[in-house]
Amino acid sequence: MESGKPLLEVRNLNSVFPSNGKIVRAVSDVSFALAEGQILGVVGESGCGKSTLLLSLLRLIRYPGRVESGEMLFREKNIIELSDREMRDLRGKEISMIFQDPLSTLNPAFTVGEQIRESLRLHNIVSSNKLPWPFDGLRRAQEKERVLQIMNEVGIPSPMDRYASYPHQFSGGMQQRTLIAIALACSPALLLADEPTTALDVTIQAQILNLMKRINEDRGTAIILVTHDLGLASEFCDRIAVMYAGRFVEQGTVDEIVENPQHPYTQGLLNCRPRIGERDQTIRPIPGNVPSLANLPNGCAFAPRCSYVKEVCETGPVPMFETDPGHLNRCLITSEYRRQPDWDWGVVVGRERA
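Since we're looking at a predicted model, the values are computed, not measured.

Novice: Residue-level account of empty space enclosed by the protein, with values.
Specialist: Applying the stated criterion to the full structure yields one cavity of 30 Å³ or more. Contributing to the lining of the largest cavity are 13 residues, with P264, C300, C306, C313 and C331 lying nearest its centre. Partitioning the lining of the largest cavity into residue classes produces 11 nonpolar, one polar and one charged.

Set out below in structure tokens:
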């Protein structure tokens, strides 16, 4: 790959699900770029399309759902145009995913060690994997040695003893480490993490995130982290993309998003966070709920919940604006239009927040 080219570039991605005669637009017009070794956080409420975005990148959306249009360029190859066999070669080897729920991901009938070894076997990672069948025992021994090394790297104690354990014999944190070990077995260039710390206590969450950060620094692995927690993303990521109703509504560096949030939804997420050390603070929840992706409003999808909504916000689609270099925002109020005194904003709809 040429120097300066992004590892992953997504252009106008749309993923849809037919449902009861309607089209659910789970991912709509999403575009972003990810450099090698970079960490991108995708933040938003449940139902915003974050997990569907990750599944789209691996072409794992279940029928009748599909990637309707757009481009997903991984090392300049369009993932959408790859054959099924080429996708199988890509998954797990070049792009791996840590799924949200270990119990529904790990197979209870197989030992932890064998589930980690499966990726090595499928992708012929160990150098002697091409040995003829009489040497199968030697190949398995080399793969097991590699598995023990990975288990040690992700912090699973006593790997030799744990190799033969079953998932139900592991704690939640250990199960999550197993998923990370499976994802890292083939040393992928890109790691997709779908809320990897959701069901874990705070201490284990910190351990898992520290592990992923170390993997990023030691191996140069790029990471896309899906999370509800904007505070967690600000601590862990290089850039943040805020997602709402299937669209990215704001993108920028961590400092830009946290210190200078442009979109009202981003501001609302920040206002929902308790702040350590601030006495008598007021947590202001965002009113309303995420709209149905099968019945989105004509204009800005956040308009029904927005405190600053104007008539123009509800009349048509809102494009993405670059409010500052590299800082993108899908909001008319904080866009370039606001700086034009001759722009007719229309009538203010009475939803100003007290």
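On we go from here.
Novice: Before we move on, could you go through the sheet that holds strand β8 (residues 222–227) and cite the residues and values that matter?
Specialist: Sheets are built from strands that pair by backbone hydrogen bonding, the pairs being arranged parallel or antiparallel. Ordered in space as β6-β7-β8-β3-β9-β10-β12-β11, the eight strands form an open sheet in which the pairing is mixed. Bordering the open sheet on either side are β6 (95–98) and β11 (321–324), each of which pairs with just one other strand. Each strand axis lies, on average, 20° off the axis of its neighbour in the sheet, ignoring direction. Across four bridges, strand β3 (residues 39–43) lies against strand β9 (residues 239–244) in parallel orientation. Pairing of L40 across the sheet is with R239, part of β9. Running at roughly 105° to β9, helix α11 (residues 264–271) makes contact with β3, β9 and β10 (247–253) of the sheet.

Novice: Please set out the sheet that holds strand β4 (residues 66–74) residue by residue, giving values where relevant.
Specialist: Read across the open sheet, the four strands follow the order β2-β1-β4-β5; overall the sheet is antiparallel. Looking at the sheet topology across the chains shown, the edges are occupied by β2 (22–34) and β5 (77–78). In this sheet, β5 lies alongside β4 in antiparallel orientation, the contact comprising two bridges. Among the inter-strand pairings, L73 is bridged to a residue of β5, identified as N78. Strand contacts of helix α1 (residues 50–57): β1 (8–19), β2 and β4, with the helix running at about 110° to β1, the strand carrying the most contacts.

Novice: Hey, could you go over the packing of helix α7 (residues 172–184) against helix α8 (residues 202–219) for me, with residue numbers and the actual values?
Specialist: The contact between α7 and α8 brings their axes to 10 Å, and the two run at 15°. Classified by the interaxial angle, the pair formed by α7 and α8 is roughly parallel. You can see that α7 and α8 cross each other, and the crossing is right-handed. Contacts between α7 and α8 involve G173, Q176, R177, I180 and L184 from the first element and I204, Q207, I208, L211, M212, I215 and R219 from the second. Looking at the contact of α7 with α8 residue by residue, the class counts come to seven nonpolar, three polar and two charged.

Novice: So what's going on with the pattern of salt bridges? Residues and values would help.
Specialist: Summed over the entire model, instances satisfying the criterion amount to 12 salt bridges. Its salt-bridge partner being R66, residue E68 comes within 3.9 Å of it at the nearest N-O pair. For E68, a relative accessible area of 34% corresponds to the partly exposed category. Of the residues examined, R66 reaches a relative accessible area of 38% and is grouped as partly exposed.

Novice: Would you mind going over the layout of surface pockets in detail, with residue names and values included?
Specialist: Computed from the structure, the largest pocket encloses a volume of approximately 730 Å³. Lining the largest pocket are 25 residues; nearest its centre among them are M97, F99, T105, S119 and I182. For the lining of the largest pocket, the secondary structure elements donating two or more residues are α2 (84–90), β6, α3 (102–105), α4 (112–123) and α7. No other element matches α4, which puts five residues into the lining of the largest pocket. In terms of residue class, the lining of the largest pocket is made up of 10 nonpolar, nine polar and six charged.

Reading guide: rules and limits
- Throughout this description, residue numbers start from 1 for each chain and increase along the sequence as written.
- Reporting of local features is limited, given that this is a predicted model, to residues whose pLDDT is at least 70; pairs of side-chain atoms are given and counted only at 80 or more, and all residues count toward the totals for whole chains, interfaces and linings.
- Working from all heavy atoms in the structure, the side-chain values ignore hydrogens and water.
- Only protein atoms enter the 1 Å grid, on which a cavity is a set of points fitting a 1.4 Å probe that cannot get out and a pocket is an open set with protein on both sides within 12 Å along at least 5 of 7 lines, lining residues being those with an atom within 4 Å of a point.
- Grid points are joined across faces, edges and corners, and a volume is the space filled by probe spheres set on the points.
- Note on residue categories: nonpolar means Ala, Val, Leu, Ile, Met, Phe, Trp, Tyr, Cys or Pro, charged means Asp, Glu, Lys or Arg, and polar means any other residue, Gly included.
- Strands pair, by our definition, only if DSSP identifies at least two bridges between them.
- Counting from the N terminus, the helices are DSSP H or I runs at least four residues long and the strands are E runs at least two residues long.
- For helices, the fitted axis covers only the stretch in contact; all axes are lines through C-alpha atoms, and the angles between them, taken along N-to-C directions, range from 0 to 180 degrees.
- Should any heavy atoms of two residues lie within 4.5 Å, those residues are considered in contact.
- Any angle from 65 to 115 degrees is called roughly perpendicular, while one under 35 is roughly parallel, one over 145 is roughly antiparallel, and all others are oblique.
- The hand of a helix crossing depends on one turn: near helix anticlockwise from the far one by less than a right angle means left-handed, and clockwise means right-handed.
- The salt bridge criterion pairs a side-chain nitrogen of Lys or Arg with a carboxyl oxygen of Asp or Glu, the two atoms within 4 Å.
- Three exposure classes are used, based on accessible area relative to the maximum for each residue type with a 1.4 Å probe and protein chains only: buried under 20%, partly exposed in between, and exposed over 50%.

These figures capture arrangement, not role.
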